[in-house]
Amino acid sequence: MSYAPSLKPNTRIDVADILRGIAIGGIVLIHFIEQLNFYKFPEPSCEFMAALNKSVWDTLFFMLASKMYAIFSLLFGLSFFIQHDNQAQQGVDFRPRFVWRMVLLFLFGLFDLLFYNGDILTVYAVCGVLVIPFIRASDKVLIAATIFFALQPIELSYIVMGLLDPEMTSLNLGSKELFRAIMPAQSEGSFLDVVIANLRYGTLVNFTWAIEHGRMTQTIFLFLLGIYLGRKRLFYDEGNNIEIWKKVLIGSLCAFFVLLPLHKGSIPLRNEGCAYKSLYELLNMWKNLSMTLFYVSGVVLLYYRTSARNFLSKIAPYGKMSLTNYLLQSIIGGFVFYNWGLGMFRYSGHASSLLMGIACVALQYIFCRWWLSSHSHGPFEMIWRKLTWIGKK
């Protein structure tokens, strides 16, 4: 079937705002225990603190790392579909405007890089442009493209090449060297030093790391999946959607229990050659995807079919201002951990960094509730929206 605009209105999806809030909150917590890509942690004061720090790190990475980013990416694709479909219903082609919107997002990413070298907005902007050809594709083409990128073609290619040629080396675009070039500015430099280092190396770090670790193809996959879910209106409580989400919940849980031991079994083999390292990355991404779909389906079912709806609804304001919260965590985190600010990387282990992350999320949440009491959009969301439609009468 070829593409056609929806016949139903795309109303605001509250559960999507809730999921977006959960995702951005999880991203903030992960970034804080990483000390915003510092990875220079002080020695623990005692064995108890060493065990506590390890427990915090292992637990949060298992529960949140890559999964929260994946939810955020999936909802990006959903938002693209809704914006495009709303305009298509009025006979307007949103694609040129979306290109401009991605230019603006790239500029937001460069602003983010002034404070934090791990920005994802620039990567999102490029991947957003790459999925434009699929927004009007037929369902068959969209599904085929989604499956293709879900299979992680780069990792699969290196598995095959590594098996055929034991001397084959893993894809290396130099992200580690670029990252090391930034570290002195963070640990010893002024704010200006951080800005210069991040603008010089930060964008290259993010793109090279994303390509080396399959994050680029995974982002495109999640954007396409979000578009497909939007096209099928699965985030609305209509038709047999709830039954579909129940199947997703069960299927993702089964997939997780299959992929978890496979992934654990691949860990000792990472240093055995290119094929095994790529296999480790592949299984890790699929395992994380199964957890992501479990989280998403679980929240959707809790929201639409249980009394948890009232509690979950309280998260929505945080999700409505996800861009603002993402940028603010970079500013706050940079000030807290880097040398130009408080320099807390010298003193904070994972446990204390987690507490600071929780405090950051709490302060952001309070700000969101206050701001949205008198505005329809967050500060950066409002700027993005107005600039997106600049020149339109």
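Small disclaimer: the values here were computed from a predicted structure and weren't measured. Just so you know, the residues in each chain are numbered from 1, in the order the chain's sequence is written. Given that the model is predicted, a residue must reach a pLDDT of at least 70 before its local features are reported, and side-chain atom pairs must reach 80 or more before they are shown or counted; all residues, however, enter totals for whole chains, interfaces and linings. Each side-chain value is worked out from all heavy atoms of the structure, with water and hydrogens disregarded.

Draft legend 1. Looking closely at the packing of aromatic side chains. For this analysis, a ring pair means two rings from Phe, Tyr or Trp (six-membered ring only for Trp) whose centres lie within 6.5 Å, classed as stacked if their planes differ by under 30 degrees, edge-to-face if by over 60, and tilted for the remaining angles. Taken as a whole, this structure holds 32 aromatic pairs when the rule is applied. Judged by centre distance (5.7 Å) and plane angle (40°), the rings of Phe 94 and Trp 389 are tilted. Of this pair, Phe 94 sits in the loop between helix H3 (67-88) and helix H4 (95-113) while Trp 389 sits in the segment after helix H17 (379-388); the two residues are 295 residues apart in sequence, bridging distant segments of the chain. Judged by relative accessible area, which is 1%, Phe 94 ranks as buried. Linked through ring pairs, Phe 108, Phe 111, Phe 115, Phe 191, Phe 335, Trp 340, Phe 380 and Trp 384 together constitute an aromatic cluster. Only Lys NZ and Arg CZ are tested; either one counts as a charge over a ring when it is within 6 Å of the ring centre and within 35 degrees of the ring normal. Directly above the aromatic system of Tyr 69 lies the positively charged group of Arg 215, at a separation of 3.8 Å from the ring centroid. Strands here mean DSSP runs of E at least two residues long; helices mean DSSP runs of H or I at least four residues long; both are numbered from the N terminus. Summary of the burial criterion: residues with accessible area below 20% of their type's maximum are buried, those above 50% are exposed, and those between are partly exposed, where the area comes from a 1.4 Å probe applied to protein chains only.

Draft legend 2. The arrangement of the environment of Leu 225 in detail. Assignment of secondary structure puts Leu 225 in helix H10 (residues 215-231). On the basis of relative accessibility, which here comes to 15%, the residue Leu 225 falls in the buried class. For the pair formed by Leu 225 and Ser 190, sequence separation is 35 residues and the distance between their alpha carbons is 42 Å. Any two residues whose heavy atoms approach within 4.5 Å are treated as being in contact. Setting aside chain neighbours within four positions, we find Leu 225 in contact with Leu 74, Thr 146 and Leu 293.

Draft legend 3. Helix H7 (residues 153-164), seen in detail. Expected helix span is taken as 1.5 Å per residue step, with the number of steps being one fewer than the number of residues. A rise of 1.5 Å per residue sets the reference length of H7, with its twelve residues, at 16 Å; its end C-alpha atoms lie 17 Å apart and thus fit the reference within 8%. If you check which residues of H7 are buried, you get Pro 153, Glu 155, Tyr 158, Ile 159 and Gly 162. The elements touched by buried residues of H7 are helix H6 (139-150), helix H9 (191-212), H10 and helix H12 (274-305).

Draft legend 4. Representation of the nonpolar core. What makes a nonpolar core is a set of buried Ala, Val, Leu, Ile, Met, Phe, Trp, Tyr and Cys residues whose side-chain atoms join them at distances within 4.5 Å. In terms of nonpolar packing, the biggest core is built from 107 residues, with Leu 224 and Phe 235 touching the most fellow members. Other than its neighbours up to four places away in sequence, Leu 224 contacts Val 131, Phe 134, Leu 142, Ala 145, Thr 146 and Phe 149.

Draft legend 5. Focus on the pattern of salt bridges. Should a side-chain nitrogen of Lys or Arg be within 4 Å of a carboxyl oxygen of Asp or Glu, the pair is scored as a salt bridge. Within the structure shown, the criterion is met by twelve salt bridges. Arg 95 is the partner of Asp 93 in a salt bridge, and the nearest nitrogen-oxygen pair spans 2.9 Å. The partner of Arg 231 in a salt bridge is Asp 139, with the nearest N and O atoms 2.8 Å apart. Linking Arg 231 in helix H10 with Asp 139 in helix H6, this pair joins segments that are 92 residues apart in sequence. Shared partners join several salt bridges into a network, and the residues in it are Lys 8, Arg 233 and Glu 238.

Draft legend 6. Examining the packing of H4 against helix H5 (residues 121-130) more closely. Following both chains from N to C, one finds H4 and H5 inclined at 165°, their axes separated by 7 Å at the closest point. With respect to their mutual orientation, H4 and H5 come out roughly antiparallel. As H4 packs across H5, the resulting crossing turns out to be left-handed. Along its contact with H4, which presents Phe 98, Met 102, Leu 105, Phe 106, Phe 108, Gly 109 and Leu 110, the element H5 presents Leu 121, Thr 122, Tyr 124, Ala 125, Val 126, Gly 128 and Val 129. Under this scheme, a helix contributes an axis fitted over its contacting stretch, all axes are lines through C-alpha atoms, and angles between N-to-C directions fall in the 0 to 180 degree range. When describing relative orientation, an angle under 35 degrees is termed roughly parallel and one over 145 degrees roughly antiparallel, while 65 to 115 degrees is termed roughly perpendicular and anything else oblique. Handedness of a crossing is defined here by the sense of rotation of the near helix relative to the far one, left-handed for an anticlockwise turn of less than a right angle and right-handed for a clockwise turn.

Draft legend 7. Spatial organisation of H10. Compared with the 24 Å implied by 1.5 Å per residue over 17 residues, the 24 Å span of H10 between its first and last C-alpha is a close match. Across the 17 residues that make up H10, a large majority, 16, are buried. Of the residues one or two after H10, Arg 233 is the one with positive phi, at around 55°.

Draft legend 8. Representation of unusual backbone geometry in the model. One non-glycine residue with positive phi stands out, namely Tyr 39, at about 60°. By secondary structure assignment, the location of Tyr 39 is in the loop between helix H1 (14-33) and helix H2 (47-63). For Tyr 39, a relative accessible area of 38% puts it in the partly exposed group. The phi dihedral of Ser 66 falls on the positive side, at around 75°, and the residue is not glycine. By the secondary structure assignment, Ser 66 is in the loop between H2 and H3. Taking relative accessible area as the criterion, Ser 66 reaches 24% and is therefore assigned partly exposed.

Draft legend 9. Local environment of the layout of surface pockets. Only protein atoms enter the calculation, which uses a 1 Å grid: trapped sets of points that fit a 1.4 Å probe without letting it out are cavities, open sets showing protein on both sides within 12 Å along at least five of seven lines are pockets, and any residue with an atom within 4 Å of a point is a lining residue. Grid points are joined across faces, edges and corners, and a volume is the space filled by probe spheres set on the points. Taken as a whole, the largest pocket encloses approximately 1500 Å³ of empty space. Surrounding the largest pocket, 45 residues form its lining, Glu 34, Tyr 39, Phe 61, Trp 209 and Arg 215 being those nearest its centre. If one sorts the elements of the lining of the largest pocket by residue count, H12 sits on top with six residues. Three residue categories are used. Nonpolar comprises Ala, Val, Leu, Ile, Met, Phe, Trp, Tyr, Cys and Pro, charged comprises Asp, Glu, Lys and Arg, and polar comprises the others, including Gly. Class assignment for the residues of the lining of the largest pocket results in 22 nonpolar, 13 polar and ten charged. Computed from the structure, the second largest pocket encloses a volume of approximately 1000 Å³. What lines the second largest pocket is a set of 35 residues, among which Arg 12, Arg 20, Ser 79, Gln 83 and Arg 101 lie closest to the centre. Mapped by element, the contributors of at least two residues to the lining of the second largest pocket are H1, H3, H4, H5, helix H14 (316-320), helix H15 (322-337) and H17. The dominant element in the lining of the second largest pocket, judged by the number of residues it contributes, is H3, at ten residues.

Draft legend 10. Summary view of a nonpolar patch on the surface. Patch membership is restricted to residues that have no salt bridge and whose relative accessible area is over 30%. Joining uses 9 Å for like charges and 5 Å for the nonpolar side chains Val, Leu, Ile, Met, Phe, Trp and Tyr. Each accessible area value is a Shrake-Rupley result obtained with a 1.4 Å probe; residue values ignore everything except the protein chains displayed when judging cover. On the surface, Val 99, Trp 100, Val 103, Leu 107, Val 129, Ile 383, Leu 387 and Ile 390 cluster together to form a nonpolar patch covering roughly 630 Å² of accessible area. When residues of the nonpolar patch are assigned to their parent elements, the largest contribution, four residues, is made by H4. In this structure, Leu 107 sits in helix H4. Taking relative accessible area as the criterion, Leu 107 reaches 47% and is therefore assigned partly exposed.

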